[in-house]
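Overview (structure and organization)
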Amino acid sequence: MKPHVAGILLAAGAGSRLGQPKATVEIGGEPLARRGAALLRDGGAQPIVIVTGAIAVDLPGVLIVHNPGWRSGMGSSLAAGLAIVPDSCGAAVIALVDQPLVGPEAVRRLIAAYRAGAKVAVAVYDGRPRNPVLLAREHWPEVTALAVGDAGARPFLRAHPALVTPVECSDTGSPDDVDTRADLERIKGLDIPRGQG
């Protein structure tokens with residue numbers, strides 16, 4: 001039996017351009033942190049880890065880790081999330097709280113790629129690599145070492161392109177970010193229910 005695949009939601013940022021922490025932003029009455037946790041769970045990841053920073057998040061049934069260094073960028077949050085994943089997990093799917101239109105099918109496809117032998121799998125939308133990303137445990141030390149500032153897993157992925165299995169996800173949702181009020185209003189106008197995809 002293959003090891004479990006954890007889901008890590010990076011939700012530590014202050015959302016300075018948005019005017020509030022992204023984890024607390026609501027779409028359809030649902031905070032983005034809850035929506036992101038459900039995305040990972042509905043896609044088959046277990047357990048779910050939420051990395052917080054600017055604001056506390058309290059959700060039942062998830063592991064919460066506070067990143068005291070959240071101001072330094074996404075890299076420290078990625079490292080904090082990977083550090084508390086239980087040993088029973090052989091990989092983790094990393095998602096960003098500010099991409100609420102990513103569908104659970106993207107997570108399912110990344111996990112399926114891992115079960116088929118991929119050690120690194122990246123969701124691709126119309127040929128462009130985006131999020132979520134799956135990383136097998138054997139790569140976590142190097143991912144963490146290279147994850148500085150706001151880069152996350154990107155330096156590792158660029159250093160090892162031969163390891164990356166692209167997984168087409170264009171039909172599962174959208175990786176659009178919520179960085180500004182205009183982004184939020186545009187996405188709210190789409191009125192896409194959670195779980196689509």
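Everything numeric in this text was worked out from a predicted model, so none of it was measured. (Residues numbered from 1 in each chain as written. Predicted model: local features only at pLDDT ≥ 70, side-chain atom pairs only at ≥ 80, totals over all residues. Heavy atoms only, no water.)

1. A few points about the overall build of the chain
Worth spelling out the cut-off: Every helix listed is a DSSP run of H or I at least four residues long, and every strand listed is a run of E at least two residues long, numbered separately from the N terminus. Put simply, the radius of gyration uses C-alpha atoms, and a globule should come to 2.2 Å times the residue count raised to 0.38. For every residue, the accessible area (1.4 Å probe, protein chains only) is compared with the maximum for its type, and the residue is labelled buried under 20%, exposed over 50%, or partly exposed between those bounds. Contact criterion: two residues are considered in contact whenever any of their non-hydrogen atoms come within 4.5 Å of each other. Per-residue and other accessible areas were derived by the Shrake-Rupley procedure at a 1.4 Å probe size, with only the shown protein chains allowed to occlude residues. We count Lys and Arg on the positive side and Asp and Glu on the negative side, and we leave His and both chain ends out. For this purpose, a charge sits on NZ of Lys, CZ of Arg, CG of Asp or CD of Glu.
Of regular secondary structure, the chain possesses six helices and nine strands. Here the chain has a C-alpha radius of gyration of 15 Å; the compact-globule value for 197 residues is 16 Å, and the two agree. The principal-axis extents of the C-alpha atoms in the chain amount to approximately 40 × 35 × 30 Å. The proportion of buried residues among the 197 residues of the chain is 52%. A separation threshold of at least 6 residues defines the contact pool for the chain, and within that pool the share at least 24 residues apart is 70%. Entry remark: accessible area of the chain is about 8700 Å², with carbon and sulfur atoms responsible for 54%. For the chain, the centre of its 20 positive side-chain charges and the centre of its 19 negative side-chain charges are spaced 2 Å apart.

2. Quick notes on the layout of surface pockets
Basically, it comes down to this: For cavity detection a 1 Å grid was placed over the protein atoms alone, and a set of points counts as a cavity when a 1.4 Å probe fits there but cannot get out; an open set counts as a pocket when protein lies on both sides within 12 Å along at least five of seven lines, with lining residues being those that have an atom within 4 Å of a point. Grid points are joined across faces, edges and corners, and a volume is the space filled by probe spheres set on the points. Gly is put with the polar residues, along with every residue not named as nonpolar or charged; the nonpolar set is Ala, Val, Leu, Ile, Met, Phe, Trp, Tyr, Cys and Pro, and the charged set is Asp, Glu, Lys and Arg.
Of the voids in this model, the largest pocket is the one considered here, and its volume is about 1100 Å³. In terms of lining, the largest pocket is formed by 41 residues, of which the most central are M74, L96, N131, D150 and R154. A per-element tally of the lining of the largest pocket places strand 8 (residues 128-136) first, with six residues. Of the residues in the lining of the largest pocket, the class split is 22 nonpolar, eight polar and 11 charged.

3. Re the pairing of strand 6 (residues 89-96)
Test applied: Two strands pair under a simple rule: DSSP has to find at least two bridges between them.
Burial runs high along strand 6: eight of the eight residues are buried. With seven bridges connecting them, strand 1 (residues 4-10) and strand 6 associate as parallel partners. If you follow L10 over to strand 6, its bridge partner there is L96. Across four bridges, the pairing between strand 6 and strand 8 is antiparallel. Opposite V93, over in strand 8, you have L134 as the bridge partner.

4. Focus: the sheet that holds strand 9 (residues 164-168)
What counts here: Each axis is a line fitted through C-alpha atoms, and for a helix only the stretch in contact is used; angles between axes span 0 to 180 degrees, taken between their N-to-C directions.
As summarised here, the arrangement of the seven strands in space is 5-4-1-6-8-7-9, forming an open sheet in which the pairing is mixed. The open sheet has two edge strands with one neighbour each: strand 5 (63-66) and strand 9. On average, each strand axis in the sheet is inclined to that of its neighbour by 25 degrees, with strand direction left out of account. Note: strand 7 (residues 120-125) against strand 8, five bridges, orientation antiparallel. Bridge pairing in strand 8 places Y125 opposite R128. Strands in contact with helix 3 (residues 104-115) are strand 1, strand 6, strand 7, strand 8 and strand 9; relative to strand 8, the strand with the most contacts, it is inclined by about 50 degrees.

5. Considering helix 2 (residues 74-83)
For helix 2, every residue scored as buried is listed here: G75, S77, L78, A80, G81 and L82. On its buried face, helix 2 is in contact with strand 1, strand 4 (48-52), strand 5, strand 6 and helix 4 (140-146).

6. Concerning the nonpolar core
Operational definition: What is meant by a nonpolar core is a set of buried Ala, Val, Leu, Ile, Met, Phe, Trp, Tyr and Cys residues, joined one to another through side-chain atoms within 4.5 Å.
Core analysis: the biggest nonpolar cluster contains 41 residues, and V5, L40, I50, L59, V93, I111 and L134 have the highest contact counts within it. With six residues, helix 3 is the largest single contributor of residues to this core. Look past the residues within four positions of L59 in its chain and what remains in contact with it is A33, R34, A37 and I50. Residues I8, V49, L96 and V143 belong to the second largest nonpolar core, which totals 24 residues.

7. A closer look at unusual backbone geometry
P47 follows Q46 through a cis peptide bond whose omega is 0 degrees. Note on placement: P47 falls in the loop between helix 1 (32-42) and strand 4.

8. Concerning the environment of Y125
Stated formally: Pairs of N or O atoms within 3.5 Å make up the polar contacts considered here, provided that, within protein, one atom can donate a hydrogen while the other can accept it, and that residues adjacent in sequence are counted only when both atoms are side-chain atoms.
Position of Y125 among the secondary structure elements: in strand 7. When its relative accessible area of 6% is taken as the criterion, Y125 is described as buried. Placed 112 residues apart in sequence, Y125 and G13 show a C-alpha to C-alpha distance of 24 Å. Only 3.1 Å separates the side chain of Y125 from the backbone oxygen of N131, close enough to count as a polar contact.

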